[in-house]
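# Commentary on secondary and tertiary structure
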Amino acid sequence: MGTNYRRVLLKLSGEALMGNMGYGIDPEVVKEIAQEIAEVVATGVQIAIVVGGGNIFRGVKAASAGMDRAAADYIGMIATVMNAMTLQDCLERIGVQTRVQTAIAMQELAEPYIRRRAIRHLEKGRVVIFGAGSGNPFFTTDTTAALRAAEIDAEVIFKATKVDGIYDADPHIYPEAKRYTSLTYAHVLAKDLRVMDSTAIALCKDNNIPILVFDLTVRGNVRRAVLGENIGTLVGG
Ligand code: UDP
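## Looking at the site of the ligand
Among the 20 residues in the neighbourhood of the ligand, the closest are listed as Gly-14, Asp-73, Ser-134, Asn-136 and Thr-141. A distance of 2.8 Å separates an oxygen atom of the ligand from a polar atom in the side chain of Arg-58. Note that an oxygen atom of the ligand is positioned 3.4 Å from one of the backbone N or O atoms of Gly-76. Protein contacts shield 93% of the accessible area of the ligand, which totals 520 Å² for the unbound molecule. For the shell around the ligand, the elements supplying multiple residues, two or more each, are α4 (69-93) and α6 (141-152). Here the element with the most residues in the shell around the ligand is α4; it accounts for three residues. Across the shell around the ligand, the residue classes tally to four nonpolar, 13 polar and three charged.

Laid out in structure tokens, this is it:
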């Protein structure tokens, strides 16, 4: 299989692991995602993953209910580690070598984040899963994805979601909404299109990292994306 990318940063939101449940992790869904990742890794593409935590805990939401924001965000970061370890388990069970690296040290269960070590793992064909976000409250895992992509020199961010790209209006409310096949960072920022938070978009813009937004629930989409098919919306310069 001729692939288009050598090193990819895949951003999986917590919701992607939740499937159709209202909360938590659907093991069947994670198994399917792991299968897709395994297929792509087998072709020699290097995959690093940043996982979200919104299926378990969201700092902003807890803060709006009165909790201290920083404290809530630390809990959110720990939630991402649960997701990271679940994904690791699913990947390892189907023979994919992985390492979890966390931005908050949890040495009994994962490696600490060490950039050069992460790159080495990727070069050896291991999937590296980044947990605990950036390690800083007031950030998101989308921003973490942009940061890690820049650090490890990924060629692209795959923002896997439950919709097949970016629309000019909410397609659930407006059936005639139009999907963009490509967009500039400037347009996304100016129109405040909520694909990723503005910090993440700005970081991608500054470092020239394209973002492909696509629907993860369609089987085979990760492979198609790696092959360079524009199956969603490509955000670039
Ligand atoms: N979080 C954080 N700093 C980070 C990344 C995440 O504080 O660098 C916290 C924040 O509270 C966030 C939660 O972790 O709400 C889960 O991450 P996110 O909401 O980005 O997950 P997703 O929406 O992708 O599921």
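## Points about the sheet that holds strand β2 (residues 46-51)
Taking strand neighbours across the sheet as the criterion, the nine strands line up as β4-β3-β5-β2-β1-β6-β8-β9-β7 in an open arrangement whose pairing is mixed. The sheet is open, and its two edges are formed by β4 (111-112) and β7 (182-184), each paired on a single side. Two strands pair when backbone bridges link them, and strand β6 (residues 156-161) and strand β8 (residues 211-215) are joined in this way by five bridges, in the parallel orientation. Pairing of Lys-159 across the sheet is with Val-213, part of β8. Its contacts with the sheet put helix α2 (residues 27-41) on β1 (7-12), β2 and β5 (127-131), and the angle it makes with β2 is roughly 155°.

## A closer look at helix α8 (residues 198-207)
Along α8, the residues that are buried comprise Ala-200, Ile-201 and Cys-204. One side of α8 holds all its buried residues, which, seen down the axis, span an arc of 100°. Those residues of α8 that are buried are in contact with α6, β6, α7 (185-190) and β8. The first or second residue beyond α8 is Asn-208, which carries a positive phi of 55°.

## A short note on the confidence of the model for the chain
Overall, the prediction assigns the chain a mean pLDDT of 95, with 99% of residues at 70 or greater. Scored as a whole, the predicted complex attains pTM 0.97, and scored at its interfaces, ipTM 0.98.

## Overview of the environment of Ile-49
Mapped onto the elements, Ile-49 comes out in strand β2. Residue classification places Ile-49 among the buried positions, given a relative accessible area of 0%. In this structure the C-alpha to C-alpha distance between Ile-49 and Leu-189, which are 140 residues apart in sequence, comes to 24 Å. Apart from the residues within four sequence positions on either side, Ile-49 is in contact with Leu-10, Leu-12, Ile-37, Leu-87, Val-127, Val-128, Ile-129 and Phe-130.

## Overview of the environment of Glu-123
Structurally, the position occupied by Glu-123 is in helix α5 (residues 115-123). Take Glu-123: its relative accessible area is 45%, and that puts it in the partly exposed class. If sequence neighbours within four positions are ignored, Glu-123 has contacts with Arg-7 and Gln-46.

## Observations concerning the nonpolar core
Counting 36 residues, the largest nonpolar core has Leu-12, Ile-37, Ile-49, Leu-87, Ile-129, Phe-158 and Phe-214 as the members making the most contacts within it. Top element by residues in this core is α2. It accounts for seven residues. In this structure, Leu-87 is in contact with Leu-12, Val-30, Ile-33, Ile-37, Ile-49, Val-51 and Ile-129, ignoring residues within four places of it in sequence. Of all hydrophobic cores here, the second largest spans 30 residues; its members include Ile-119, Ile-157, Cys-204 and Ile-209.

What counts, and where the lines are drawn
- Residues numbered from 1 in each chain as written.
- Predicted model: local features only at pLDDT ≥ 70, side-chain atom pairs only at ≥ 80, totals over all residues.
- Heavy atoms only, no water.
- Near = heavy atom within 4 Å.
- Polar contact = N/O pair within 3.5 Å; in protein donor to acceptor, adjacent residues only side chain to side chain.
- Areas by Shrake-Rupley, 256 points an atom, 1.4 Å probe, with all protein chains shown as cover.
- Helix = DSSP H or I, 4+ residues; strand = E, 2+ residues; numbered from the N terminus.
- Nonpolar A, V, L, I, M, F, W, Y, C, P; charged D, E, K, R; others polar.
- Pairing = 2+ DSSP bridges.
- Contact = heavy atoms within 4.5 Å.
- Axes fitted to C-alpha atoms, helices over the stretch in contact; angles between N-to-C directions.
- Buried < 20%, exposed > 50% of the residue type's maximum accessible area, 1.4 Å probe, protein only.
- Arc of directions from axis to C-beta.
- pLDDT = per-residue confidence, 0-100.
- Core = buried A, V, L, I, M, F, W, Y, C linked by side-chain atoms within 4.5 Å.

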